[in-house]
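Residues per chain are reported as follows:
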Amino acid sequence: AKGAEFFCAYVTSIIRSDPAFGETPEDRLAALRRGGLSVYTTLDTSLQTAANKAISVVPGSVSYMNLGASGVQVEVGTGRVLSMVQNRPWSDQPDNVKNTQVNYNVPVKNGGGSHAAGSTYKVFSLINWMQQGHSVNEVLNGRVGDKTVRTGCDGGTQVVPTGERRGQIGNFEGNRGYTGTVARFTKDSLNSGFLTMAEKISVCSTNRVAGDLGVTLGNGKPLDQFNNPYDVLGSQDVTPIDMANAYATIASNGTLCAAKTIDRVVNADGKEHAIPATKCERKLSEDVAATAAYVLQSVVSASGTGSGARTFDGVPIFGKTGIHEYIHTWMIGSSTKVTTAVWVGNVDAVEKNGELQNVLLSDHVESGYKLSRIRNSIWPAMQRAANSE
């Protein structure tokens, strides 16, 4: 499956685990290896080609860090996975430096990994805010200072200092915050503003909103097993494919469709074979989905934090950026037809001065981009390819 090895491995992992292909692991492995199955997948070869070209701006290996990058695209309203790429090539003999078999887009159970979501996770606070009866035009004090954040679903709280001093949570480029609307907090990705929101809506309830939209920790465990103030800023490790499907739910007017990679299977006798069961469920009201999409459009406006990811092709899009401590950087966004999620970051810490340390993306440049901003090359190229179809 040259050029689509990781997608192929993902499909293979599904065949090996889904009961549609047999009751036991042994039955499923036999079906995969000796069943004579013809498997028709959801992969769009033209989008896969464009995505491979887009991700190539991130080198497969560098000397100063364990650098990873990935991109995945899903079809809005169906969950069909259209492309799946990453910077490091597949190898049957991975050395974890120049090649790998770890799929950076998918959960551990499918041979993948996970990454801290950064501010792309703020979309769940935005949705939670509306679902609890608040308006995106509500004005809050988002200035830096102590925030009494509601953490657990049992009413517990934790005081979180925001500012620039050591041990405090800061805003991008030292922004001191302001009194403004939740819509503006989202456009500016204002950390202190979202922690102010968490004084009214609990971190636990926001984590549960993310879970209801299909997002789990990379190991499959629920996001609300621990509820820390930092969660609303994207401290938990999630997978790009889950996040892409959550954003696609907004684009589809509130309907979540589980990821789907297999359209049909024909057995050795030429007869249709059962395929994995997937379903679409309404998770958001149309009003909440439409308002979330409207607010997220401002993020990719000329003055939004996602301005660098604009596609300039006339197709309406929305999206959200995310940077987690300059260790991971994300861009997730969508048209009404296709959602694209891009991640770049530290796969693992590296040894430095006798200690394992993550490397700051902002300290290094590749292909003319700071690594913390290289998403602004990958994401628009992938989304433009989808918009042109």
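Residues numbered from 1 in each chain as written. Predicted model: local features only at pLDDT ≥ 70, side-chain atom pairs only at ≥ 80, totals over all residues. Heavy atoms only, no water.

Asks: Tell me about helix H3 (residues 45-55), and name the residues and values.
Replies: Taken together, the buried positions of H3 are Leu47, Gln48, Ala51, Ala54 and Ile55. Buried residues of H3, seen end-on, are gathered within an arc of 125 degrees and therefore sit on one face of the element. Of the residues in H3, the exposed ones pointing more than 90 degrees away from the buried face are Thr45, Thr49 and Lys53. Check the buried side of H3 and you find it contacts strand E2 (66-75), strand E3 (81-86) and helix H10 (375-387). (Buried < 20%, exposed > 50% of the residue type's maximum accessible area, 1.4 Å probe, protein only. Helix = DSSP H or I, 4+ residues; strand = E, 2+ residues; numbered from the N terminus. Arc of directions from axis to C-beta. Contact = heavy atoms within 4.5 Å.)

Asks: So, the pairing of strand E7 (residues 157-161): which residues are in play, and what are the values?
Replies: Of the pairings in the sheet, the one linking strand E6 (residues 146-150) to E7 comprises 5 bridges and is antiparallel in character. By the bridge assignment for E7, Lys147 is matched with Val160. With antiparallel pairing between neighbouring strands as the criterion, E6 and E7 make up a hairpin whose turn holds 6 residues, including Gly155 at a positive phi of roughly 100 degrees. (Pairing = 2+ DSSP bridges.)

Asks: So what about the environment of Lys2? Which residues, and what values?
Replies: Positionally, Lys2 belongs in the segment before helix H1 (5-17). For the pair Lys2 and Gly308, spaced 306 residues apart in sequence, the C-alpha separation works out to 31 Å.

Asks: Describe the nonpolar core, and please don't skip the residues or the numbers.
Replies: Side chains of nonpolar character tend, in soluble globular proteins, to be buried together. Core analysis: the largest hydrophobic core is formed by 70 residues, its most contacted members being Met84, Phe124, Ile127, Phe185, Val215, Met243 and Ile250. No other element matches helix H8 (residues 240-251), which puts 8 residues into this core. Residues within four places of Met243 in sequence aside, it is in contact with Ala117, Thr120, Tyr121, Phe124, Val215, Val238, Trp330 and Ile332. With 23 residues, the next largest nonpolar core counts Val58, Leu67, Val85 and Ile317 among its residues. (Core = buried A, V, L, I, M, F, W, Y, C linked by side-chain atoms within 4.5 Å.)

Asks: I'd love a proper account of the sheet that holds strand E1 (residues 38-41), names of residues and values included.
Replies: In spatial order, the strands read E1-E11-E12; together these 3 strands make up an open sheet with antiparallel pairing. In the strand order of this sheet, the two ends are held by E1 and strand E12 (272-273), each with one partner. Bridge count for E1 against strand E11 (residues 262-266) is 4 bridges, and the pairing is antiparallel. Counted as the bridge partner of Ser38 is Val266 from E11. Packed onto the sheet, H1 meets E1 and E11 and runs at close to 120 degrees relative to E1. (Axes fitted to C-alpha atoms, helices over the stretch in contact; angles between N-to-C directions.)

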